[in-house]
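Structural features, examined
The primary structure of each chain is shown beneath.
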Amino acid sequence: MSNTTLVKIVNCIEPFYNGAKDWDSPEETIERFLAFAKDSTVEGMMDFSVLRHGEWSLGEPLLKEGLLDFIRDKSGDAGVLWVGDSGLGKEAPKRAYITSSNDSARDIMAKYFAARAEALFHIRGNAPNGIAVVDSPMRRNLLNLSSVDLDMGLGYFADTIARAIKYAPDAGVIYTPKILTRRNLFEGATDIVYTTEQAVAVVNESIYKLGNFYSEKPLLRVMGRLLTKVYEFFSGNHHQERVNASVNSSAAYWSEPSETVEQAFNQIPEGLRSYLFHVQSPVGGPPGHNNRGEFKGDGFYDMSRDVGFIVGLARQGHPVQICADTSPEYFNKRGIRTTEERLKQIGNGNNYLKELLETVK
């Protein structure tokens, strides 16, 4: 079996929306992505906020009626699988916040996460184990809050994820708090979950809160855990399998000290590891591009060592996927406005990864 068969490449739908064209409908965005994905033999990472173009609020459907069926059916016809959903936190109600000390703010965000989980489950044809990537810095950063320090924020982050799982337990979604680059570093994004250690802390705390969800009171905690185990046994929903930690190559590169993908991955305990890897150039562009947006231009980051490690995991039997993840800020800062130019760069990044996959021994 070839390495390109062992390791699946994934692209996010976000750059496929033509923001310069006001009348670009969700259906057009979906069909544009599916045509590209089918031709490029890649899988999809959903971002429902791109399709909605507006704020979701409690009591409203996540997407207009019939759109989920449209996505599911068109994807099936194209043979494209939706691996997961990214950008969790964007387009949520204004009061919703992942790390807020306000219980209501976290609860509203959790319900929004749950709605997206159920939508992902639907477009995957009711297949479990879709990945929900919590990566919206604007709805998690502590800078926007008063009186919430890092340790408190990590606990609130975990609480939001635990609630989301409880609100949609049958969707079978696996949440991963995405590690982003640290604020005050080059193109830094966040002031919480910018290290593997912090991501693992959120995962562990989420699992703990799920196991004690029936009550946080000490006298009832043991009973709560017993009830949880009974629920897991009969429902098949195992909480410890519903949250894990993933690796983002750009965040690893800008960590202090700088890390390889392998070094970052090995910090995650074995039972908490995601095998979806987010890879990009260190400045947030498609793999193989330098900081001027040139493909294989002078100074581009060579990912051969990272890809070699990932292939090694796949050969051990792990379900490895590489999400060639490009931030919108990368395109915006380089004046890349047209959909055609964005897709050209994404295609170049995919081809670079495929070249590396083919050459790994």
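As shown above, the structure is provided for reference.
Cut-off values and rules
- Residues numbered from 1 in each chain as written.
- Predicted model: local features only at pLDDT ≥ 70, side-chain atom pairs only at ≥ 80, totals over all residues.
- Heavy atoms only, no water.
- Helix = DSSP H or I, 4+ residues; strand = E, 2+ residues; numbered from the N terminus.
- Rg over C-alpha atoms; globule rule 2.2 N^0.38 Å.
- Buried < 20%, exposed > 50% of the residue type's maximum accessible area, 1.4 Å probe, protein only.
- Contact = heavy atoms within 4.5 Å.
- Areas by Shrake-Rupley, 256 points an atom, 1.4 Å probe, with all protein chains shown as cover.
- Lys, Arg positive; Asp, Glu negative; His and termini not counted.
- Charge placed at Lys NZ, Arg CZ, Asp CG, Glu CD.
- Salt bridge = Lys/Arg side-chain N within 4 Å of Asp/Glu carboxyl O.
- Pairing = 2+ DSSP bridges.
- Axes fitted to C-alpha atoms, helices over the stretch in contact; angles between N-to-C directions.

Focus: the overall build of the chain
Summing up its helical and strand segments, the chain has 13 helices and nine strands in all. Its C-alpha atoms give the chain a radius of gyration of 20 Å, near enough to 21 Å, the size a compact globule of 361 residues would have. Projected onto the principal axes, the alpha-carbon positions of the chain cover approximately 60 × 45 × 45 Å. Looking at the chain residue by residue over its 361 residues, the buried ones come to 55%. Put simply, of all contacts in the chain between residues at least 6 apart along the chain, 74% involve residues at least 24 apart. Accessible surface computed for the chain: about 15,800 Å², of which carbon and sulfur atoms make up 52%. Measuring between centres, the 40 positive side-chain charges of the chain sit 1 Å from its 46 negative side-chain charges.

Thoughts on the pattern of salt bridges
Going through the model one piece at a time under the given rule, you end up with 21 salt bridges. Where Arg 116 meets Asp 47, a salt bridge forms, and the shortest distance between an N and an O atom there is 3.7 Å. Within this pair, whereas Arg 116 is found in helix H5 (residues 103-123), its partner Asp 47 is found in the loop between strand E2 (43-46) and helix H3 (48-52), the two being separated by 69 residues in sequence. Two residues, Asp 107 and Lys 111, come together in a salt bridge whose shortest N-O distance is 3.5 Å. Taken together, the positions of Asp 107 and Lys 111, both in helix H5 and four residues apart, correspond to about one turn of that helix. Looking at Asp 107, the relative accessible area reads 16%, which means it is buried. Looking at Lys 111, the relative accessible area reads 32%, which means it is partly exposed.

Considering the pairing of strand E1 (residues 8-12)
Burial of E1 is extensive: four of the five residues sit out of reach of the surface. Across three bridges, E1 lies against strand E9 (residues 321-324) in parallel orientation. Looking at E9, one finds that Val 10 is bridged to Cys 323. Strand direction decides the pairing type here: E1 and E2, joined by three bridges, are parallel.

Some remarks on the sheet that holds strand E6 (residues 174-177)
The strand order across the open sheet formed by eight strands is E6-E5-E3-E2-E1-E9-E8-E7, and the pairing between neighbours is parallel. Two strands lie at the open edges of the sheet, namely E6 and strand E7 (245-248), each paired on one side alone. For this sheet, the mean angle separating the axes of adjacent strands, direction not counted, is 30°. Judged from the two bridges that link them, strand E3 (residues 82-85) and strand E5 (residues 131-134) form a sheet pairing that is parallel. Bridge pairing in E5 places Asp 85 opposite Ala 132. Where H5 meets the sheet, its contacts fall on E2, E3, E5 and E6, and the angle it forms with E3 comes to roughly 175°. Its contacts with the sheet place helix H13 (residues 339-359) against E1, strand E8 (273-279) and E9, and it is angled at close to 165° to E1.

Some points on the pairing of E7
Side chains Ala 245 and Val 247 of E7 all project onto a buried face; the interleaved residues Ser 246 and Asn 248 project onto the opposite face, where all are buried too. Bridge count between E7 and E8: three bridges; the pairing is parallel. Paired with Asn 248 across the strands is His 278, a residue of E8.

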